[in-house]
Amino acid sequence: MKAAVINRIDGTFDIEELEIDEPRGAEVLVEVKAAGLCHSDMIVASVDRGRPLPMVVGHEMAGIVVGLGPEAMDFRVGDHVIASEINFCGRCEECVGGGTYRCMDPGSINRSPEEVPKLRRDGEAVQAFGVAGFAEHALVHQNKLVRVPDQIPFPQAAVLGCATTTGVGAALNSAGVQPGDTVAVVGLGGIGLNIVSGAQIAGAKTIIGIDLHPAKLELARKFGATHVINSGEDDAEARVKEITGRGVHHSFEAIGLGTTQKLALGLTRSGGGVYFIGIPQCTPLDFNVMTDLLIGQRKLQGVYMGSSNIRRDIPFYADLYLQGRLNLDDLIGQEISLAQINDAYAVQESGGIARSVITF
């Protein structure tokens, strides 16, 4: 099969032919039909954290089941499925309680280093990082998959797996936004726009989108933003307090930079919640615990994958889309081929569009 392979930590991918193993145990072989270009995968490709190479990434993926391991009982050949980055064992205390995103033994569903590798190139192992969905086929444990209705187009189904799960989940699950609340979202990429959607679904009264790119600000209105602020032109903190009076009940940071994390803290009213979602790309944040948290009585929470139970949440979001209550169509800026991945990432990382999706 063809796959986009990371051979160097320089933010680029090489399109190569790889061999993929047969499904073993509870694994499922999926023919990939669409894969979204998430910023997190670009960080893996461009920031050296000691991971072995070569590697295939890509975790925002949708496709059709074409093969089952002998212990895979949750799916049938022909099912339309979405993959998720979340690993869960299904047996630990957290999983049994529904908190699969906090699984205590997530590595238990992965192949061990002693087993046959999932991917090979000329007989040598290629690392399959997470879903490894930037390829024509993906081999994943059944716990990482969710069945969805066949009526959902594959590109829209793909973005459900990460951008929507993380963004809508951050609003509904992590923050528990309530009707009448006020919300600010810093960073209006794929995840940020879905946070806006989640806040609207929850019934927030005021939803403020903040970004540097005018096109993303206009796009945010299609997802439910009541106000938008260009932080390169306006004092975002002053404008938010002008709009809300005291600051927002919930602020979300979806970029991962110290300046935007600090901004999110400043936008939040006394007693409010601050939610960091963007993968850090900077030195540790320096802030004043006394004034920013204690005196302000603010809650600061890190969010992983929208605090999601994928078997519960993704089918719910799929139904909302089919009912016309969740906007996925405007999230997809362009559909591309696998060979266009480098050019598409360049456009997306520059802020030109919210999401590019590879279609096969």
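Our structure is the block above this text.
Residues numbered from 1 in each chain as written. Predicted model: local features only at pLDDT ≥ 70, side-chain atom pairs only at ≥ 80, totals over all residues. Heavy atoms only, no water.

1. Regarding the pairing of strand E9 (residues 124-128)
Rule in force here: Strand pairing is assigned whenever DSSP identifies at least 2 bridges connecting the two strands. Every helix listed is a DSSP run of H or I at least four residues long, and every strand listed is a run of E at least two residues long, numbered separately from the N terminus.
Pairing of strand E5 (residues 55-56) with E9, which is carried by 2 bridges, proceeds in the parallel orientation. Counted as the bridge partner of valine 56 is alanine 128 from E9. With 3 bridges joining them, strand E8 (residues 119-121) and E9 adopt antiparallel strand pairing. Looking at the pairing, arginine 120 lines up with alanine 125 of E9. As consecutive antiparallel partners, E8 and E9 are separated by 2 residues, and within that stretch aspartate 122 has a phi angle of approximately 55 degrees, a positive value.

2. Considerations on the nonpolar core
Operational definition: To form a nonpolar core, buried Ala, Val, Leu, Ile, Met, Phe, Trp, Tyr and Cys residues must be joined to one another through side-chain atoms within 4.5 Å. The buried label goes to any residue with under 20% of its type's maximum accessible area, the exposed label to any with over 50%, and the partly exposed label to all in between, with areas taken from a 1.4 Å probe on protein chains only. By definition in these notes, contact holds between two residues if any of their heavy atoms fall within 4.5 Å.
Core analysis: the biggest nonpolar cluster contains 58 residues, and Leu160, Val177, Leu193 and Phe252 have the highest contact counts within it. Listing elements by their share of this core, those giving two or more residues are helix H3 (154-174), strand E12 (182-186), helix H4 (190-202), helix H5 (214-222) and helix H9 (310-322). Ranked by residues supplied to this core, first place goes to H3 with 9 residues. If we ignore the near neighbours within four places in the chain, the residues touching valine 177 are Ala171, Val183, Ala202, Ala204, His250 and Phe252. Counting 30 residues, the second largest nonpolar core, distinct from the first, contains Ala4, Phe13, Ala45 and Phe75.

3. Remarks on a nonpolar patch on the surface
Definition in use: To count toward a patch, a residue needs a relative accessible area over 30% and no salt bridge; like charges are then connected within 9 Å, while nonpolar side chains (Val, Leu, Ile, Met, Phe, Trp, Tyr) are connected within 5 Å. Per-residue accessibility takes into account occlusion by the displayed protein chains alone, with areas from the Shrake-Rupley method and a 1.4 Å probe. A carboxyl oxygen of Asp or Glu within 4 Å of a side-chain nitrogen of Lys or Arg is what we treat as a salt bridge.
Where nonpolar side chains cluster on the molecular surface, the patch consists of Val289, Met290, Leu294 and Ile295 and spans about 400 Å² of accessible area. Positionally, valine 289 belongs in helix H8 (residues 289-295).

4. A closer look at the sheet that holds E9
Note on sheets: strands pair through backbone hydrogen bonds, and any given pair is parallel or antiparallel. A sheet is described by the order of its strands in space; here 4 strands give the open sequence E3-E8-E9-E5, paired in mixed fashion. Both outer strands of the open sheet, strand E3 (19-20) and E5, are each paired with one neighbouring strand and no more.

5. Focus: the side chain of asparagine 87
Basically, it comes down to this: Here a polar contact is taken to be a pair of N or O atoms separated by no more than 3.5 Å, where protein atoms must pair a possible hydrogen donor with a possible acceptor and residues adjacent in sequence count only if both atoms sit in side chains.
Structurally, asparagine 87 is set in the loop between strand E7 (80-83) and helix H2 (93-96). A polar side-chain atom of asparagine 87 sits 3.2 Å from the main-chain carbonyl oxygen of proline 106.

6. A word on the sheet that holds strand E17 (residues 299-302)
We apply this condition: Between the N-to-C directions of two axes lies an angle of 0 to 180 degrees, each axis being a line fitted to C-alpha atoms and, for a helix, fitted only over the stretch in contact.
The sheet built from 6 strands is open, its strands ordered E14-E13-E12-E15-E16-E17 with parallel pairing. Pairing within the sheet leaves two strands with one partner each, and these edge strands are strand E14 (227-230) and E17. Shown here is a sheet whose adjacent strand axes are inclined to one another by a mean of 15 degrees, direction ignored. When E12 meets strand E13 (residues 206-211), the two strands line up parallel, connected through 5 bridges. Opposite valine 186, over in E13, you have isoleucine 210 as the bridge partner.

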